[in-house]
Amino acid sequence: MSSLRRRRYVLAGLLVGIGLIAVGILWAVVETVFFTVTVAYILYPLRQRLVGRGVPRRIASGLVTTFAFLVVVVLIAPLVWTLFRRREAIIELLGDLPDELPIEAVGFTYNVDVAGLVSSASEALRDLAFSVAADSLFILLQLTLFTILLYGLLLRPNAAGRAVFEITPPSYHDVIRALHRRIEGTLYALYVIQAATAVLTVPVAFVVFFALGYEDAFVLAVLSGILQFFPIVGPGMLAVGLAGYDFLLGLTDRALAILILGPTVIGVVPDVLIRPQLATRQAHLPASLYFVGFVGGVLTVGVIGIIAGPLVVALLVEMVDLLSDGKAPDEG
């Protein structure tokens, strides 16, 4: 083994070791760092387009970072504000449910303690709203970290890529490129397509909920937008819950209406309008595997699993494709 190759392997080992130590020490901000890296992956083409049009590298990175900061604030602020200000309205909505729900099956009647479930949900909602208010300083620090780190990644986007290629033997560079393409396509589908679909869902859902006479139409519309990130179930899950709620209150007509309009208009129309326009790059990940990655990621690592779970599954699929291809690196 040549001294140069030995040096590469030693540096690679040190990189992995220091990386693991950094993860252990900086665990409290790992989610923010991961989120920032994936966002930088998506915004890099925009930064390159600005540089290609003559914008200086630092200014282009600053403009793209500012754009990302504003998008994050615009998406998060209304949700947090709505949750904190309208928590009592949501709790009152839950309080209108009957105390018990009798369910008859195979000759037996079972009474579901709805009051206990509502009490637990109301308490959890209050705790969540106040924890968001109490952790506002921590959220601000996380947002500052996101902004600074994103600017640094966009300013020197090729540093990590060069390091990976340096420590990887040339015969495996095609694997690195294939994984890069898979990551790029998956993140594009997760961020751009899903986010655009979620944004369009809010006004569509608001019109439906307002037309059907729901008092908290805006809150329900925001929840519908969030649920667009949930694979397979989506806003249809909220529609089913609202239909059950209306049935309990005796509003049969509205229950049937939301049961039909929820999955079709709210769940499908935004996706049909957005996906064909933005699907220039695809994750090529079946919905079933996306669902597995989503659920497994959320249950394992929390909220960041929404992105990390499907991304890991996509990389696993890419590795299976590479293994089943049966070609040598120089044949592809």
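Every value quoted in this text rests on a predicted model; they were computed, and no experiment measured them.

Conventions adopted
- Residues numbered from 1 in each chain as written.
- Predicted model: local features only at pLDDT ≥ 70, side-chain atom pairs only at ≥ 80, totals over all residues.
- Heavy atoms only, no water.
- Axes fitted to C-alpha atoms, helices over the stretch in contact; angles between N-to-C directions.
- Helix = DSSP H or I, 4+ residues; strand = E, 2+ residues; numbered from the N terminus.
- Left-handed = near helix turned anticlockwise from the far one by under 90°.
- Contact = heavy atoms within 4.5 Å.
- pLDDT = per-residue confidence, 0-100.
- Core = buried A, V, L, I, M, F, W, Y, C linked by side-chain atoms within 4.5 Å.
- Buried < 20%, exposed > 50% of the residue type's maximum accessible area, 1.4 Å probe, protein only.

1. Considering the packing of helix α8 (residues 173–211) against helix α9 (residues 217–227)
α9 packs onto α8 with a crossing angle of 145 degrees between their chain directions and a minimal axis gap of 8 Å. For α8 against α9, the interelement crossing comes out right-handed. Residues A198, T201, V202, A205, F206, F209 and F210 of α8 lie in contact with α9, whose contacting residues are A217, F218, L220, A221, V222, S224 and G225.

2. Considerations on the confidence of the model for the protein chain
The predicted model of the protein chain averages 76 in pLDDT, with 72% of residues at 70 or higher. Within the protein chain, the lowest mean pLDDT, 54, falls on strand β1 (residues 100–105), and the highest, 87, falls on helix α2 (residues 30–52). For the stretch residues 328–332, pLDDT sits under 50, and the model shows three contacts to residues farther than four places along the chain or on other chains.

3. Concerning the nonpolar core
With 20 residues, the main nonpolar core has V39, L43, F146, L150, L187 and Y191 as its most contacted residues. Contributing elements (two or more residues each) for this core: α2, α3 (57–85), α6 (136–155), α8 and α13 (305–325). For this core, the element with the highest residue contribution is α8, accounting for six residues. In this structure, V39 is in contact with F146, L150 and Y191, ignoring residues within four places of it in sequence.

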